[in-house]
Amino acid sequence: MGLFDRFKKGLQKSRTTLAERLGSVFRSRKLDESVFEEMEEAFIAADMGVETAMALVEDVRVLARKNRIEQAEDLPDLMVEAMSSMLSEADSNMKFATDGPTLVLVVGVNGAGKTTSIGKLANYYLQQNKRVLLAAADTFRAAAIEQLLAWGERAGCDVVRHTQGADPAAVIFDAIQAGKARNVDIILCDTAGRLQNKSHLMAELSKIYKVAARELPGAPHEVLLVLDGTTGQNGLSQAKVFKEVVDVTGIVVTKLDGTAKGGIVIPIVHEQKIPVKWIGLGEQMDDLQPFDARAFAEAVCRP
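Residues numbered from 1 in each chain as written. Predicted model: local features only at pLDDT ≥ 70, side-chain atom pairs only at ≥ 80, totals over all residues. Heavy atoms only, no water.

So, about the sheet that holds strand β4 (residues 186-191). Strands sit in the order β3-β2-β4-β1-β5-β6-β7-β8 across an open sheet of eight strands; the sheet is mixed. Lying at the two open borders of the sheet, with one neighbouring strand each, are β3 (158-160) and β8 (288-290). Within the sheet, the average angular offset between the axes of one strand and its neighbour, ignoring direction, is 25°. Examined bridge by bridge, strand β5 (residues 222-228) and strand β6 (residues 250-254) share five bridges and lie parallel to one another. Each residue of the ladder has a partner; that of Leu225, found in β6, is Ile251. Relative to the sheet, helix α7 (residues 142-155) contacts β2 (132-137), β3 and β4, its axis offset from that of β2 by approximately 170°. (Pairing = 2+ DSSP bridges. Helix = DSSP H or I, 4+ residues; strand = E, 2+ residues; numbered from the N terminus. Axes fitted to C-alpha atoms, helices over the stretch in contact; angles between N-to-C directions. Contact = heavy atoms within 4.5 Å.)

Now the structure itself:
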(Lines give C-alpha, C1' and ligand atoms only; values in the text may rest on other atoms or scores of the structure.)
Protein backbone atom coordinates (compact mmCIF):
# COMPACT_ATOMS: atom_id res chain seq x y z
CA MET A 1 0.00 0.00 0.00
CA GLY A 2 1.40 3.40 -1.02
CA LEU A 3 1.80 6.38 1.32
CA PHE A 4 -1.28 8.24 0.07
CA ASP A 5 -3.42 5.11 0.32
CA ARG A 6 -2.25 4.56 3.91
CA PHE A 7 -3.17 8.13 4.82
CA LYS A 8 -6.50 7.93 3.02
CA LYS A 9 -7.46 4.69 4.78
CA GLY A 10 -6.24 5.82 8.21
CA LEU A 11 -7.91 9.24 7.99
CA GLN A 12 -11.25 7.98 6.69
CA LYS A 13 -13.31 9.37 9.58
CA SER A 14 -11.70 12.79 9.35
CA ARG A 15 -12.24 12.82 5.58
CA THR A 16 -15.92 12.00 6.10
CA THR A 17 -16.23 14.97 8.48
CA LEU A 18 -14.52 17.42 6.17
CA ALA A 19 -14.33 16.41 2.50
CA GLU A 20 -17.71 14.73 2.21
CA ARG A 21 -19.46 17.52 4.07
CA LEU A 22 -17.86 20.15 1.87
CA GLY A 23 -18.48 18.10 -1.26
CA SER A 24 -22.20 18.75 -0.95
CA VAL A 25 -21.54 22.43 -0.13
CA PHE A 26 -19.39 22.95 -3.23
CA ARG A 27 -21.53 21.07 -5.73
CA SER A 28 -22.93 23.24 -8.54
CA ARG A 29 -22.49 26.48 -6.61
CA LYS A 30 -21.04 29.78 -7.67
CA LEU A 31 -18.21 30.86 -5.40
CA ASP A 32 -19.38 33.55 -2.97
CA GLU A 33 -18.86 34.51 0.67
CA SER A 34 -21.44 32.02 1.93
CA VAL A 35 -19.27 29.17 0.61
CA PHE A 36 -16.29 30.42 2.60
CA GLU A 37 -18.47 30.72 5.72
CA GLU A 38 -19.61 27.11 5.37
CA MET A 39 -16.01 26.04 4.76
CA GLU A 40 -14.99 27.72 8.02
CA GLU A 41 -17.77 25.90 9.89
CA ALA A 42 -16.59 22.58 8.43
CA PHE A 43 -12.99 23.28 9.48
CA ILE A 44 -14.12 24.06 13.03
CA ALA A 45 -16.22 20.86 13.09
CA ALA A 46 -13.05 18.95 12.12
CA ASP A 47 -11.46 20.26 15.35
CA MET A 48 -9.12 22.82 13.82
CA GLY A 49 -10.21 25.51 16.25
CA VAL A 50 -11.47 28.98 15.34
CA GLU A 51 -8.09 30.71 14.88
CA THR A 52 -6.65 28.09 12.52
CA ALA A 53 -9.95 27.63 10.66
CA MET A 54 -10.15 31.37 9.94
CA ALA A 55 -6.50 31.50 8.83
CA LEU A 56 -6.94 28.50 6.52
CA VAL A 57 -10.11 29.91 4.93
CA GLU A 58 -8.30 33.20 4.31
CA ASP A 59 -5.45 31.31 2.60
CA VAL A 60 -7.97 29.52 0.37
CA ARG A 61 -9.71 32.84 -0.37
CA VAL A 62 -6.39 34.41 -1.45
CA LEU A 63 -5.63 31.44 -3.70
CA ALA A 64 -9.11 31.58 -5.23
CA ARG A 65 -8.68 35.26 -6.02
CA LYS A 66 -5.20 34.68 -7.44
CA ASN A 67 -6.39 31.79 -9.65
CA ARG A 68 -9.64 33.59 -10.59
CA ILE A 69 -11.79 30.71 -9.35
CA GLU A 70 -15.50 31.27 -9.85
CA GLN A 71 -17.01 27.86 -9.07
CA ALA A 72 -17.00 26.33 -5.58
CA GLU A 73 -16.33 22.84 -6.96
CA ASP A 74 -12.80 24.00 -7.85
CA LEU A 75 -11.95 24.68 -4.19
CA PRO A 76 -10.67 21.21 -3.08
CA ASP A 77 -7.41 21.72 -5.04
CA LEU A 78 -6.92 25.05 -3.28
CA MET A 79 -7.76 23.55 0.11
CA VAL A 80 -5.07 20.90 -0.41
CA GLU A 81 -2.55 23.56 -1.43
CA ALA A 82 -3.38 25.86 1.52
CA MET A 83 -3.44 23.06 4.09
CA SER A 84 -0.22 21.39 2.94
CA SER A 85 1.48 24.80 2.91
CA MET A 86 0.32 25.52 6.49
CA LEU A 87 1.44 22.07 7.66
CA SER A 88 4.85 22.60 6.07
CA GLU A 89 5.56 25.70 8.16
CA ALA A 90 7.60 23.49 10.51
CA ASP A 91 10.16 20.86 9.41
CA SER A 92 8.75 17.36 9.97
CA ASN A 93 12.02 15.51 9.34
CA MET A 94 13.69 13.73 12.26
CA LYS A 95 17.09 15.06 13.36
CA PHE A 96 19.92 12.61 13.86
CA ALA A 97 23.29 12.82 15.59
CA THR A 98 26.22 13.27 13.23
CA ASP A 99 28.31 10.93 15.38
CA GLY A 100 27.30 8.24 17.85
CA PRO A 101 23.77 7.29 18.95
CA THR A 102 20.77 9.56 18.39
CA LEU A 103 18.86 10.00 21.66
CA VAL A 104 15.09 10.51 21.39
CA LEU A 105 13.08 11.40 24.49
CA VAL A 106 9.40 10.48 24.23
CA VAL A 107 7.03 12.40 26.50
CA GLY A 108 3.26 12.53 26.95
CA VAL A 109 0.46 11.87 29.41
CA ASN A 110 -0.36 8.32 30.38
CA GLY A 111 -2.88 6.75 28.00
CA ALA A 112 -1.87 8.79 24.94
CA GLY A 113 -0.11 5.80 23.37
CA LYS A 114 3.43 6.77 24.37
CA THR A 115 4.91 3.32 25.02
CA THR A 116 3.11 1.81 22.03
CA SER A 117 4.49 4.59 19.81
CA ILE A 118 8.01 3.84 21.04
CA GLY A 119 7.55 0.18 20.10
CA LYS A 120 6.30 1.13 16.64
CA LEU A 121 9.14 3.65 16.18
CA ALA A 122 11.60 0.90 17.10
CA ASN A 123 10.01 -1.39 14.53
CA TYR A 124 10.14 1.35 11.85
CA TYR A 125 13.87 1.95 12.32
CA LEU A 126 14.70 -1.75 12.67
CA GLN A 127 13.06 -2.22 9.25
CA GLN A 128 15.57 0.33 7.97
CA ASN A 129 18.41 -1.78 9.39
CA LYS A 130 19.10 0.65 12.21
CA ARG A 131 20.33 -0.65 15.56
CA VAL A 132 17.78 0.41 18.19
CA LEU A 133 17.88 0.41 22.00
CA LEU A 134 14.94 1.22 24.29
CA ALA A 135 15.21 2.90 27.72
CA ALA A 136 12.46 2.40 30.32
CA ALA A 137 12.80 5.75 32.10
CA ASP A 138 9.14 5.89 33.18
CA THR A 139 10.07 4.31 36.51
CA PHE A 140 6.99 5.73 38.24
CA ARG A 141 4.82 2.85 37.01
CA ALA A 142 5.86 -0.80 36.99
CA ALA A 143 3.31 -1.37 34.23
CA ALA A 144 5.15 1.09 31.96
CA ILE A 145 8.40 -0.86 32.36
CA GLU A 146 6.67 -4.18 31.67
CA GLN A 147 4.86 -2.74 28.64
CA LEU A 148 8.11 -1.44 27.15
CA LEU A 149 9.77 -4.82 27.73
CA ALA A 150 6.91 -6.47 25.85
CA TRP A 151 7.28 -4.04 22.92
CA GLY A 152 11.05 -4.55 22.90
CA GLU A 153 10.56 -8.29 22.64
CA ARG A 154 7.92 -7.88 19.94
CA ALA A 155 10.04 -5.49 17.87
CA GLY A 156 13.26 -7.38 18.50
CA CYS A 157 15.45 -4.92 20.42
CA ASP A 158 16.99 -4.70 23.89
CA VAL A 159 15.55 -2.62 26.74
CA VAL A 160 17.60 -0.89 29.45
CA ARG A 161 15.61 -0.80 32.68
CA HIS A 162 15.88 -0.38 36.44
CA THR A 163 13.33 -1.25 39.11
CA GLN A 164 10.16 0.74 39.78
CA GLY A 165 10.91 3.97 41.65
CA ALA A 166 14.50 4.21 40.38
CA ASP A 167 16.00 7.51 39.22
CA PRO A 168 14.92 8.03 35.56
CA ALA A 169 18.13 9.96 34.82
CA ALA A 170 20.13 6.92 35.93
CA VAL A 171 18.24 4.80 33.39
CA ILE A 172 19.11 7.30 30.67
CA PHE A 173 22.77 7.28 31.79
CA ASP A 174 22.93 3.48 31.56
CA ALA A 175 21.11 3.50 28.20
CA ILE A 176 23.65 5.94 26.75
CA GLN A 177 26.59 3.86 28.00
CA ALA A 178 25.00 0.70 26.59
CA GLY A 179 24.23 2.47 23.34
CA LYS A 180 27.83 3.55 22.90
CA ALA A 181 29.20 0.13 23.83
CA ARG A 182 26.84 -1.69 21.45
CA ASN A 183 27.27 0.85 18.67
CA VAL A 184 23.51 1.48 18.34
CA ASP A 185 22.06 4.10 16.02
CA ILE A 186 18.99 5.21 17.99
CA ILE A 187 18.07 5.19 21.69
CA LEU A 188 14.33 5.64 22.28
CA CYS A 189 13.57 6.73 25.85
CA ASP A 190 10.21 6.38 27.58
CA THR A 191 9.55 9.02 30.27
CA ALA A 192 6.90 9.65 32.91
CA GLY A 193 3.85 11.72 31.96
CA ARG A 194 2.55 13.10 35.23
CA LEU A 195 1.30 16.50 34.07
CA GLN A 196 -0.79 16.96 37.21
CA ASN A 197 2.52 17.46 39.05
CA LYS A 198 4.12 19.76 36.52
CA SER A 199 6.95 21.00 38.77
CA HIS A 200 8.03 17.43 39.58
CA LEU A 201 7.93 16.46 35.91
CA MET A 202 9.93 19.56 34.98
CA ALA A 203 12.60 18.72 37.57
CA GLU A 204 12.76 15.11 36.40
CA LEU A 205 13.09 16.04 32.72
CA SER A 206 15.63 18.76 33.54
CA LYS A 207 17.83 16.16 35.25
CA ILE A 208 17.44 13.80 32.28
CA TYR A 209 18.44 16.65 29.93
CA LYS A 210 21.61 17.37 31.92
CA VAL A 211 22.67 13.73 32.03
CA ALA A 212 21.95 13.25 28.32
CA ALA A 213 23.83 16.39 27.27
CA ARG A 214 26.81 15.51 29.49
CA GLU A 215 27.12 11.94 28.24
CA LEU A 216 26.17 12.45 24.61
CA PRO A 217 26.94 15.73 22.78
CA GLY A 218 23.82 17.38 21.38
CA ALA A 219 21.45 15.05 23.23
CA PRO A 220 18.54 14.83 23.41
CA HIS A 221 18.44 15.14 19.63
CA GLU A 222 14.64 14.91 19.53
CA VAL A 223 11.91 15.35 22.15
CA LEU A 224 8.72 13.82 20.78
CA LEU A 225 5.37 14.59 22.44
CA VAL A 226 2.77 11.86 21.97
CA LEU A 227 -0.82 13.13 21.74
CA ASP A 228 -4.00 11.06 21.53
CA GLY A 229 -5.73 12.23 18.34
CA THR A 230 -9.17 11.32 19.72
CA THR A 231 -8.92 14.06 22.38
CA GLY A 232 -9.06 16.86 19.78
CA GLN A 233 -8.60 20.33 21.25
CA ASN A 234 -7.46 18.83 24.57
CA GLY A 235 -4.40 17.62 22.69
CA LEU A 236 -3.64 21.21 21.73
CA SER A 237 -3.82 22.17 25.42
CA GLN A 238 -1.39 19.37 26.29
CA ALA A 239 1.01 20.60 23.60
CA LYS A 240 0.96 24.08 25.17
CA VAL A 241 1.68 22.74 28.67
CA PHE A 242 4.44 20.35 27.62
CA LYS A 243 6.02 23.13 25.57
CA GLU A 244 6.33 25.10 28.84
CA VAL A 245 7.94 22.13 30.60
CA VAL A 246 10.31 20.81 27.93
CA ASP A 247 11.68 21.81 24.51
CA VAL A 248 9.34 19.72 22.36
CA THR A 249 10.84 19.26 18.89
CA GLY A 250 8.08 17.18 17.32
CA ILE A 251 4.64 15.65 17.79
CA VAL A 252 3.41 12.09 17.41
CA VAL A 253 -0.38 12.04 16.92
CA THR A 254 -1.85 8.61 17.68
CA LYS A 255 -5.21 6.90 17.03
CA LEU A 256 -6.19 9.09 14.06
CA ASP A 257 -7.87 6.11 12.44
CA GLY A 258 -10.47 6.06 15.23
CA THR A 259 -11.51 9.70 15.22
CA ALA A 260 -13.04 12.42 13.06
CA LYS A 261 -10.85 14.98 14.87
CA GLY A 262 -7.85 14.71 12.55
CA GLY A 263 -8.01 18.46 12.01
CA ILE A 264 -6.24 18.91 15.37
CA VAL A 265 -2.97 18.24 13.52
CA ILE A 266 -3.21 21.64 11.80
CA PRO A 267 -3.45 24.05 14.81
CA ILE A 268 -0.62 22.14 16.53
CA VAL A 269 1.64 23.19 13.66
CA HIS A 270 0.06 26.58 12.93
CA GLU A 271 -0.49 27.87 16.47
CA GLN A 272 2.18 26.05 18.49
CA LYS A 273 4.82 26.03 15.73
CA ILE A 274 5.70 22.42 16.57
CA PRO A 275 6.11 20.04 13.63
CA VAL A 276 4.05 16.86 13.51
CA LYS A 277 6.62 14.16 12.75
CA TRP A 278 4.61 10.93 13.05
CA ILE A 279 0.97 9.93 12.89
CA GLY A 280 -0.74 6.73 13.98
CA LEU A 281 -3.09 5.41 11.32
CA GLY A 282 -4.05 2.04 12.81
CA GLU A 283 -3.24 -0.67 15.33
CA GLN A 284 -0.75 -2.68 13.29
CA MET A 285 2.99 -2.55 13.97
CA ASP A 286 3.68 -0.59 10.77
CA ASP A 287 0.77 1.84 11.08
CA LEU A 288 2.87 4.60 12.66
CA GLN A 289 3.99 6.64 9.67
CA PRO A 290 6.32 9.62 9.13
CA PHE A 291 4.13 12.67 8.64
CA ASP A 292 3.67 13.93 5.09
CA ALA A 293 1.88 17.29 4.79
CA ARG A 294 0.75 16.79 1.20
CA ALA A 295 -0.53 13.24 1.75
CA PHE A 296 -2.42 14.38 4.87
CA ALA A 297 -4.05 17.31 3.06
CA GLU A 298 -5.00 15.17 0.07
CA ALA A 299 -6.47 12.49 2.35
CA VAL A 300 -8.75 14.80 4.34
CA CYS A 301 -9.71 17.30 1.62
CA ARG A 302 -10.82 14.94 -1.13
CA PRO A 303 -13.94 12.70 -0.88
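Annotation from UniProt places "domain: Signal recognition particle SRP54 helical bundle" (unreviewed entry) at residues 7-87. Secondary structure across residues 7-87 comprises 77% helix and 0% strand; the distance between its end C-alpha atoms is 15 Å. (UniProt positions renumbered as here; feature names shortened; annotations may be inferred.)

With respect to the helices and strands, the residue Val248 is situated in the loop between α10 (233-245) and β6. With 27 residues separating them in the primary sequence, Val248 and Pro275 have C-alpha atoms 9.3 Å apart. Setting aside its immediate chain neighbours within four residues, Val248 contacts Val223, Leu225, Phe242, Lys243 and Ile274.

Note: disulfide means a covalent bond formed between the sulfur atoms of two cysteine side chains. Inspection of the entire model under this criterion finds zero disulfides. Its sulfur unpaired, Cys157 is 12 Å from the next cysteine sulfur, which belongs to Cys189. Of the residues examined, Cys157 reaches a relative accessible area of 11% and is grouped as buried. (Disulfide = S-S within 2.5 Å. Buried < 20%, exposed > 50% of the residue type's maximum accessible area, 1.4 Å probe, protein only.)

Inspection of the secondary structure puts His270 in helix α11 (residues 265-272). Apart from the residues lying within four places of it in its own chain, the contact partners of His270 are Thr52, Ala55, Met86 and Glu89.

So, on to the pairing of strand β7 (residues 276-280). By the criterion of burial, β7 is predominantly enclosed, with five of the five residues buried. Bridge analysis of β6 against β7 gives three bridges, and the strand direction is parallel. Bridge pairing in β7 links Val253 to Ile279. Between the parallel pair β6 and β7, the chain is carried across by α11, and the sense of this crossover is right-handed. The sheet contact formed by β7 and β8 spans three bridges and is antiparallel. Its bridge partner being in β8, Ile279 is matched across the sheet by Gln289. (Right-handed = clockwise from strand over helix to strand, strands pointing away.)

Our focus in this paragraph is the confidence of the model for the protein. Across the protein, the average pLDDT comes to 90, with 98% of residues at 70 or higher. The element-level mean pLDDT for the protein is lowest in helix α1 (residues 3-10), coming to 78, with β3 highest at 98. (pLDDT = per-residue confidence, 0-100.)

Moving on: a nonpolar patch on the surface. The grouping of Ile44, Val50 and Met54 at the surface amounts to a nonpolar patch, some 250 Å² of accessible area in total. Along the chain, Ile44 falls in helix α3 (residues 33-45). (Patch = residues over 30% accessible without salt bridge, like charges linked within 9 Å, V, L, I, M, F, W, Y side chains within 5 Å. Areas by Shrake-Rupley, 256 points an atom, 1.4 Å probe, with all protein chains shown as cover. Salt bridge = Lys/Arg side-chain N within 4 Å of Asp/Glu carboxyl O.)

Moving on: the packing of helix α5 (residues 75-87) against α11. Put simply, α5 and α11 touch, their axes get as near as 9 Å, and they point 55° apart. Taken together, the axes of α5 and α11 lie oblique to each other. In contact with Met83, Met86 and Leu87 of α5, α11 contributes Val265, Ile266, Val269 and His270. Counted by class, the contact of α5 with α11 contains six nonpolar, one polar and no charged residues. (Parallel < 35°, antiparallel > 145°, perpendicular 65-115°, else oblique. Nonpolar A, V, L, I, M, F, W, Y, C, P; charged D, E, K, R; others polar.)

Take unusual backbone geometry next. Of the consecutive residues Ala219 and Pro220, the connecting peptide bond is found in the cis state with omega at -5°. Considering the arrangement of structural elements, one finds Pro220 in the loop between α9 (198-215) and β5. Even without glycine at this site, Asp47 takes up a positive phi of about 75°. With respect to the secondary-structure elements, Asp47 resides in the loop between α3 and α4 (50-66). Of the residues examined, Asp47 reaches a relative accessible area of 15% and is grouped as buried.

Okay, the packing of aromatic side chains next. Describing an aromatic ring pair means giving the distance of the ring centres and the angle of the ring planes. The tally for this structure, following the rule as stated, stands at five aromatic pairs. The interplanar angle of 90° and the centroid separation of 5.2 Å between the aromatic rings of Tyr124 and Tyr125 together place this pair among those described as edge-to-face. Both rings, one in Tyr124 and one in Trp278, keep their centres 4.9 Å apart while their planes meet at 80°; by these two values the pair is edge-to-face. With a gap of 154 residues between them, Tyr124 in helix α6 (residues 114-127) and Trp278 in strand β7 connect regions that are remote in the sequence. (Phe/Tyr/Trp six-rings, centres within 6.5 Å; stacked < 30°, edge-to-face > 60°.)

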